[in-house]
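# Remarks on the overall topology
Listed here are the chains, written in short residue letters.
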Amino acid sequence: MILSEQKPFEEITGFLGAEKSIFILGCNGCAQSSGSGGPKQVAEMKDKLTAAGKKVTGTKVIDFLCEKALVKSGLRGKIDQVAAADSVLVMTCGIGVQAVAASINKVCHPACDTINLGGSRGEWKGSERCKECGQCLLDFTGGVCPITACTKSLVSGACGGANKGKCEVSPDRDCGWELIYDRLKAKGQLDKLKVFIKPLDHKKLMPDPKLMSTSRFALESLDREVKVK
Ligand code: SF4
Ligand code: SF4
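Residues numbered from 1 in each chain as written. Chains lettered and ligands numbered in written order. Predicted model: local features only at pLDDT ≥ 70, side-chain atom pairs only at ≥ 80, totals over all residues. Heavy atoms only, no water.

### Topic: the sheet that holds strand β4 (residues 87-91)
Read across the sheet, four strands follow the order β3-β2-β4-β5 without closing on themselves; strand pairing throughout is parallel. The open sheet has two edge strands with one neighbour each: β3 (55-62) and β5 (108-110). With strand direction ignored, the average angle separating the axes of adjacent strands in the sheet is 25°. Alignment of strand β2 (residues 21-27) against β3, held across seven bridges, turns out to be parallel. In the strand pairing of β3, Ile 24 is matched with Thr 59. (Pairing = 2+ DSSP bridges. Helix = DSSP H or I, 4+ residues; strand = E, 2+ residues; numbered from the N terminus. Axes fitted to C-alpha atoms, helices over the stretch in contact; angles between N-to-C directions.)

### A word on the site of ligand 2
Ligand 2 sits among Cys 150, Thr 151, Lys 152, Ala 158, Cys 159, Ala 162, Cys 167, Glu 168, Cys 175, Gly 176 and Trp 177. Judged by its atoms lying within 2 Å of the grid points, ligand 2 is housed in the largest cavity. Residue composition of the shell around ligand 2, by class: seven nonpolar, two polar and two charged. (Near = heavy atom within 4 Å. 1 Å grid on protein atoms, 1.4 Å probe; cavity = no way out; pocket = protein on both sides within 12 Å on 5 of 7 lines; lining within 4 Å. Sits in = over half its atoms within 2 Å of the grid points. Nonpolar A, V, L, I, M, F, W, Y, C, P; charged D, E, K, R; others polar.)

### A closer look at empty space enclosed by the protein
If you walk through the whole model with that rule in mind, you get three cavities of 30 Å³ or more. Space inside the largest cavity adds up to approximately 120 Å³. As for the largest cavity, its lining consists of 15 residues, of which Cys 150, Cys 159, Cys 167, Glu 168 and Cys 175 are closest to the centre. Each residue belonging to the lining of the largest cavity can be placed in one class, and the counts come to nine nonpolar, four polar and two charged. (Points joined across faces, edges and corners; volume = space filled by probe spheres on them.)

### Side note on the side chain of Lys 192
Relative to the helices and strands, Lys 192 is located in the loop between α8 (176-186) and α9 (209-212). In this view, Lys 192 contacts Phe 15, Asp 139, Phe 140 and Leu 184; residues no more than four positions away in its chain are not counted. (Contact = heavy atoms within 4.5 Å.)

### Some points on the site of ligand 1
In the vicinity of ligand 1, the contacting residues are Gly 94, Gln 98, Thr 114, Cys 130, Lys 131, Glu 132, Cys 133, Cys 136, Leu 137, Leu 138, Cys 145 and Ile 147. With respect to the detected pockets, ligand 1 is housed in the second largest cavity.

### Details of the pairing of β4
In terms of burial, β4 is a largely internal element, five of the five residues being buried. Neither face of β4 is open: one carries Ser 87, Leu 89 and Met 91, the other Val 88 and Val 90, and all of them are buried. Bridge count for β2 against β4 is five bridges, and the pairing is parallel. Bridge pairing links Ile 24 to Leu 89 in β4. In terms of strand pairing, β4 meets β5 through three bridges, oriented parallel. If you follow Leu 89 over to β5, its bridge partner there is His 109. As for the winding sense of the linkage, the β-α-β connection from β4 through helix α6 (residues 94-103) to β5 is right-handed. (Buried < 20%, exposed > 50% of the residue type's maximum accessible area, 1.4 Å probe, protein only. Right-handed = clockwise from strand over helix to strand, strands pointing away.)

### Quick word on the pattern of salt bridges
Inspection of every chain in the model, using the stated rule, returns eight salt bridges. In this structure, Lys 152 and Glu 168 form a salt bridge, with 2.5 Å as the shortest nitrogen-oxygen distance. Taken as a pair, Lys 152 in the loop between α7 (146-149) and α8 and Glu 168 in the loop between α7 and α8 lie far apart in primary sequence, 16 residues in all. A residue is classified by how much of its surface remains accessible, and Lys 152, at 39% relative accessible area, is partly exposed. (Salt bridge = Lys/Arg side-chain N within 4 Å of Asp/Glu carboxyl O.)

### A closer look at the environment of Asp 113
Mapped onto the fold, Asp 113 is located in strand β6 (residues 112-116). We classify Asp 113 as buried; its relative accessible area is 8%. With 105 residues separating them along the chain, Asp 113 and Pro 8 place their C-alpha atoms 9.9 Å apart. Contacts of Asp 113, omitting those with residues within four sequence positions, involve Leu 3, Ser 4, Glu 5, Lys 7, Gly 134, Gln 135 and Cys 136.

Written out as structure tokens, the structure is:
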């Protein structure tokens, strides 16, 4: 299961900026189990955004947002509500946000940070990848993860070495930052490239101390080793 946690509400409203109408997408898979984006959290988010003066055009909770086919079929009855929104707030892990951003021609904002990929992953067969950085940057990159799409995991723009759209390190791979540019352009969001993304906070790459106080982590840290000769 992929563990995610909701971003602070102020960070989410910062992403939404001046947008007035929002469609909210939740996930009945890992995000529901994590308590970050299931039906309860989607209903709560709708209330909070409404109280903050936003119009919520509709909501939908889909079984696995990491599965693009399920995203597309799940939204079939909601096209008008999505079309009426300025953007879509996606309440799930980084893989799910990437899958949604690749599936609909709409600005997508992440509502969660992915903190752990867990023991087994969700129903995910797509090409999206997440490195559980704990500070999801997808709002700035059109829903393409810079940490996994860029071979050097650059978060502040291209290295300048790409050749004909291919990465200088791995010519068999598309340049992640060209993918980001193309996606932002398609969604009318090129101004996002002007946002300075701070270097990653590497503390967040490690498990949260609260998580490390659980019994699982206690077992993990028992002072025992298997002796091998
Ligand atoms: S920025 Fe990438 S690695 Fe970090 S949480 Fe988002 S999808 Fe995962
Ligand atoms: S060429 Fe593109 S994908 Fe490759 S390291 Fe540079 S910015 Fe990243």
